[in-house]
Amino acid sequence: MLPSLLNVHCYSCGCPAKLIGRVESVPGRLGRQDGYVLPRSAPTPGDRRRHDELGHVLPLHSAARIMAASWFRQLGLRSAPVNKSFLLKKWYLDCVTTAGDAALIYLADLSWRRLSIQYSSLLTLRAGEMQRKSSLCRRALPARSESGIEVHAPQLGFRGTWRPLANAIKRKIFECEDGTIDWQCFQPKAEVELCFASHQTITGLGYAECLTLSMPPWKLPLNELHWGRFLTTQDCVVWIDWRGAYNNRVILYNGNDVEAESVSESAITLFDGTRVELDRETILRTGPLGKTVFPTVPGITTILPGRLKSIYETKWLSAGFLRSGDQVRPGSAIHEVVRWIE
């Protein structure tokens, strides 16, 4: 039964209230330390009658809101002021070793309507074995300094550092009345060290970016997105190719904007003849987001529109080559194709 030590107030007069009714199966204990403030609304005639007959009371439907707030906190969700605006800040960082092991890290901070969520996930591929972890802990966002980027995520069992080997890049990828999408590639190429709770350490070349969306991604006028990064000891190629009602292609080769003749899931061909070839040997993730990503965030699938959950993503780890004139240099890529399914 819901404990009586709740920091709530009567709808009719604002005085400390008691609950009317029973509430079963409440996880944990709710108390004043929760500090949840109920949205105020005008009392109904029924509320006033109960106030006159029983004293200071709180309708049961308000108790349900308190329960929801507690569950959200236990899942890592936070109650937020009513705000119809959408803001998502999504970090992506990775590392690929010379042996072909890899780590992909996603860190996201979402504010939308009454929700404020911080989400983190780690995908590792070591010795051919793939593992995934996710968390709703609020302490995992990266710390940036002049020397690089640090991520400490004990809930995922790792600590990592990214030290830049190339200059940062910033672009406004999309803008309309509903909002903007800003892309900051803080480290197109980085020297990475990841230390795991198992006392294992991996080092290699990596990448770090942050995407900030002030509009919901399901409203984007897109049918298909190609994204990727390819690194060798000498080269760095990053591509973003948006296709649909809105088209935008950004190709960066060693920090310089270049034009591409074609972009596909297996090759990037520049107009000067330079070509990045990708073998797509290892599929890291494939399927609709409603089955691959969102199930790791409890309860989120119930509030997201169907178009977002049906977005189909395939992400690869590829060995590849950069061919430029007579030179051929081996490297590795992490890249994806995302399709919006109507």
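These numbers were taken from a predicted model, which means no experiment stands behind them.

About the criteria used
Residues numbered from 1 in each chain as written. Predicted model: local features only at pLDDT ≥ 70, side-chain atom pairs only at ≥ 80, totals over all residues. Heavy atoms only, no water. Helix = DSSP H or I, 4+ residues; strand = E, 2+ residues; numbered from the N terminus. Buried < 20%, exposed > 50% of the residue type's maximum accessible area, 1.4 Å probe, protein only. Contact = heavy atoms within 4.5 Å. Pairing = 2+ DSSP bridges. pLDDT = per-residue confidence, 0-100. Phe/Tyr/Trp six-rings, centres within 6.5 Å; stacked < 30°, edge-to-face > 60°. Lys NZ or Arg CZ within 6 Å of the ring centre and 35° of its normal. Core = buried A, V, L, I, M, F, W, Y, C linked by side-chain atoms within 4.5 Å. Salt bridge = Lys/Arg side-chain N within 4 Å of Asp/Glu carboxyl O.

Draft legend 1. Region of the structure containing the overall build of the chain. Helices and strands together make up the secondary structure of the chain, namely four helices and 23 strands. Split into buried and exposed, the 342 residues of the chain put 48% on the buried side. Relative to all contacts within the chain whose residues are 6 or more apart in sequence, the contacts with residues 24 or more apart total 59%.

Draft legend 2. Main features of the pairing of strand 20 (residues 275–278). Because side chains alternate across strand 20, one face comprises the buried residues Val 276 and Leu 278, and the other comprises Arg 275 and Glu 277, none of which is buried. The antiparallel hairpin formed by strand 19 (residues 267–270) and strand 20 contains four residues in its connecting segment, where Gly 273 sits at a positive phi of about 95°. Here four bridges tie strand 20 to strand 22 (residues 312–324), and the two strands are oriented antiparallel to one another. By the bridge assignment for strand 22, Arg 275 is matched with Arg 323.

Draft legend 3. Structural view of the environment of Gln 184. Within the secondary structure, Gln 184 is located in strand 12 (residues 179–196). Assessed through its relative accessible area of 24%, Gln 184 is described here as partly exposed. Each residue touching Gln 184, except ones within four places of it in the same chain, is listed here: Ile 169, Lys 170, Glu 209 and Cys 210.

Draft legend 4. Expanded view of the confidence of the model for the chain. On average, residues of the chain score 78 in pLDDT, and 68% of them are at 70 or above. For the stretch residues 1–42, pLDDT sits under 50, and the model shows 101 contacts to residues farther than four places along the chain or on other chains. Overall, residues 47–83 carries pLDDT values under 50, and its contacts beyond four positions in sequence, including any with other chains, amount to 98 contacts.

Draft legend 5. Broad picture of the packing of aromatic side chains. Within the structure shown, the criterion is met by eleven aromatic pairs. Summarising the aromatic geometry, the rings of Tyr 92 and Tyr 207 are spaced 6.1 Å apart at their centres and angled 50° between planes, so their arrangement reads as tilted. A residue pair is termed long-range when its members are at least 10 positions apart, and Tyr 92 in strand 4 (residues 86–96) and Tyr 207 in strand 13 (residues 201–213) qualify at 115 residues. We classify Tyr 207 as buried; its relative accessible area is 0%. Aromatic ring contacts, followed pair by pair, group Tyr 92, Tyr 106, Tyr 207 and Trp 227 into a single cluster. Of note, Lys 315 hangs over the ring of Tyr 92, and the distance from its end group to the ring centre comes to 5.8 Å. The ring of Phe 321 has Arg 323 lying over it, and the distance from NZ or CZ to the ring centre is 5.7 Å.

Draft legend 6. Representation of the environment of Thr 203 within the structure. Summarising the element assignment, Thr 203 is placed in strand 13. Among the residues examined, Thr 203 registers a relative accessible area of 48% and is labelled partly exposed. For Thr 203 and Val 96, which are 107 residues apart along the polypeptide, the C-alpha to C-alpha distance reads 7.7 Å. Ignoring any residue separated from it by four or fewer positions in sequence, one finds Thr 203 in contact with Cys 95, Thr 97, Val 192 and Glu 193.

Draft legend 7. Region of interest: the nonpolar core. Counting residues in each nonpolar core, the largest one holds 45 residues, and the members touching the most others are Leu 104, Ile 181, Trp 183, Leu 220, Ile 240, Trp 242 and Ile 334. Ranked by residue count, the leading element in this core is strand 5 (residues 102–112), at six residues. Those residues within four positions of Ile 240 in sequence are excluded, and the remaining contacts are Ile 173, Trp 183, Leu 225, His 226, Trp 227, Asn 248, Arg 249 and Val 250.

Draft legend 8. Just unusual backbone geometry, in detail. Even without a glycine there, the phi angle at Ala 127 is positive, about 55°. Mapping Ala 127 onto the fold places it in the loop between strand 6 (115–126) and strand 7 (129–135). What makes Ala 127 exposed here is its relative accessible area of 77%. Despite not being glycine, Arg 280 shows a phi value in the positive range, around 50°. For Arg 280, the location among the structural elements is in the loop between strand 20 and strand 21 (282–288).

Draft legend 9. Fine view of the pattern of salt bridges. The full count for this structure, using the stated rule, is 15 salt bridges. Among the salt bridges present, the one from Glu 265 reaches Arg 339, with a minimum N-O distance of 3.9 Å. Taken together, the residues span a long stretch of sequence, with Glu 265 in the loop between strand 18 (260–263) and strand 19 and Arg 339 in strand 23 (residues 327–339) at a distance of 74 residues. Judged by relative accessible area, Arg 339 falls into the partly exposed class, the value being 33%. A salt bridge links Glu 313 to Lys 315; the shortest N-O distance between them is 3.7 Å. The class for Glu 313 is buried, based on a relative accessible area of 6%. Connected via shared salt-bridge partners are Glu 224, Asp 241, Arg 243, Arg 249, Glu 265, Arg 280 and Arg 339.

Draft legend 10. Structural view of the pairing of strand 13. Summarising burial for strand 13: ten of the 13 residues are buried, a large majority. Bridge analysis of strand 4 against strand 13 gives nine bridges, and the strand direction is antiparallel. Within the sheet, the bridge partner assigned to Leu 93 lies in strand 13 and is Ala 208. The pairing of strand 12 with strand 13 spans eleven bridges and is antiparallel. Paired with Ala 190 across the strands is Gly 206, a residue of strand 13.

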